[in-house]
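Fold and geometry: a report
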Amino acid sequence: MGKLKYDKDLLDFVEEKHSTKYLILRILKFVAYTFALVVLYFIVFTLFFSSEEEKRMISETRLIEEQYDKLAGQTELLENVIGELIQKDEGIYHELFNTDFPDFSFSDSSSVNYMSDSVYSESVIWHTAENIIRLKQGMDYCDALIARIQDSLSVDGKDKVVAGIPSILPIADFPLGNVGASVGRKMHPFYKKVVYHGGLDLVAPVGVEVRATADGKVKSVERAQKLQGTRIVIDHGNGYETVYAHLSDLLVRKGQKVSRGDVIGRTGNSGTSFAPHLHYEVQLNGQQQDPINYFNGELDTDRFGELLIYAVNTGQSLD
């Protein structure tokens, strides 16, 4: 029997009957209360309780943030040290070549800016750590090179050592557009085949004064009708020697001491030469160097770049 209620009209208790609509409303009310309790339970559990996975993720995030801050501090320190190394390098460059350090710009297309003020990720940390390792290696290498240079400059006779490094053009006020072939494989004017060219051709008419590019002592003077023709070799000490070939006149003798800028001969067309010019070589410990790299004491960055373009684009030698 269902629930009873008192009927005033019948003056008796009768069984209470509910409509279908009433029953549906009761069910919906029960479902709503149940859903509200579930939502409340979920909120409370989320706010006050964490799963093992969540705890692990929170711990890793905190560790990554700590590592990020630590690496950022190391990066800043390395940047400051590298800045100091650059200043030392500029000072040594100025002391050696009496000129400002060239302003070269380099770009690394592979570098990516991962950093964000609000986003931390494991890849960012590893990328930063690898960069710091590379920076440290580069810093140690540069520091060692600078230390070696400073040791060389700190010995007795430092000025003599610096003065013995070739650093000017062998022809004064030379027009850069007249630069010929540089060091490398070039087309020989007579053999008409590609051969190794061991110096730099400076095109000039016969009789132009040729000057010593550094302090030194004349090692040899030669007059010949073949190969490099009339030429002068100067020993500058510390393994440096310079060669001046295809000359028309010799103005120094073997064993004579010369200073940077002294006139030692005149340009010509002697030996196996296609046209009047000076063939100039720089040798270090018996190895031929590119003379273009030894004009730092006279050319600024712009003129050096211009000279380099002329020399590289010339594929025909004159001897």
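My aim in this report is to walk through the structure given alongside it, one point at a time. (Residues numbered from 1 in each chain as written. Predicted model: local features only at pLDDT ≥ 70, side-chain atom pairs only at ≥ 80, totals over all residues. Heavy atoms only, no water.)

Let's talk about the pairing of strand E9 (residues 240–250)
Which entries qualify depends on this criterion: For every residue, the accessible area obtained with a 1.4 Å probe (protein chains only) is divided by the maximum for its type, and the residue is called buried under 20%, exposed over 50%, and partly exposed between those limits. Only DSSP runs of H or I with at least four residues qualify as helices, and only runs of E with at least two residues qualify as strands; both kinds are numbered from the N terminus onward. Pairing between strands requires that DSSP locate at least two bridges from one strand to the other.
Within E9, nine of the 11 residues are buried, which leaves the element mostly enclosed by the surrounding structure. Inspection of the sheet shows E9 paired to strand E12 (residues 277–284) by six bridges, in the antiparallel sense. Bridge pairing in E12 places Ala245 opposite His279. Sheet topology places E9 next to strand E11 (residues 263–267); three bridges connect them, and they run antiparallel. Of the residues in E11, the one forming a bridge with Leu250 is Gly265.

Considering the nonpolar core
Rule in force here: Note on terminology: a nonpolar core comprises buried Ala, Val, Leu, Ile, Met, Phe, Trp, Tyr and Cys residues joined through side-chain atoms within 4.5 Å.
If you look at the biggest cluster of nonpolar residues, it comprises 31 residues, and the most contacted ones within it are Ile232, Tyr244, Ile264 and Leu278. Listing elements by their share of this core, those giving two or more residues are strand E5 (200–203), strand E8 (230–237), E9, E12 and helix H5 (301–312). Ranked by the residues each element gives to this core, the list is headed by E9, at four residues.

With respect to H5
Worth spelling out the cut-off: Each helix should span, by expectation, one fewer than its residue count multiplied by 1.5 Å. This arc corresponds to the set of directions leading from the helix axis out to the C-beta atoms. The criterion used for residue contact is that any of the two residues' heavy atoms lie within 4.5 Å.
Its 12 residues give H5 an end-to-end C-alpha distance of 16 Å, which sits within 8% of 16 Å, the value for a rise of 1.5 Å per residue. If you check which residues of H5 are buried, you get Phe304, Leu307 and Ala311. Down the axis of H5, the buried side of the element spans an arc of 60 degrees, and every buried residue falls inside it. Exposed positions of H5 whose direction lies more than 90 degrees from the buried face are Asp302 and Ile309. Buried residues along H5 sit in contact with strand E3 (184–187) and E5.

Any functional reading would require information that these geometric values do not contain.
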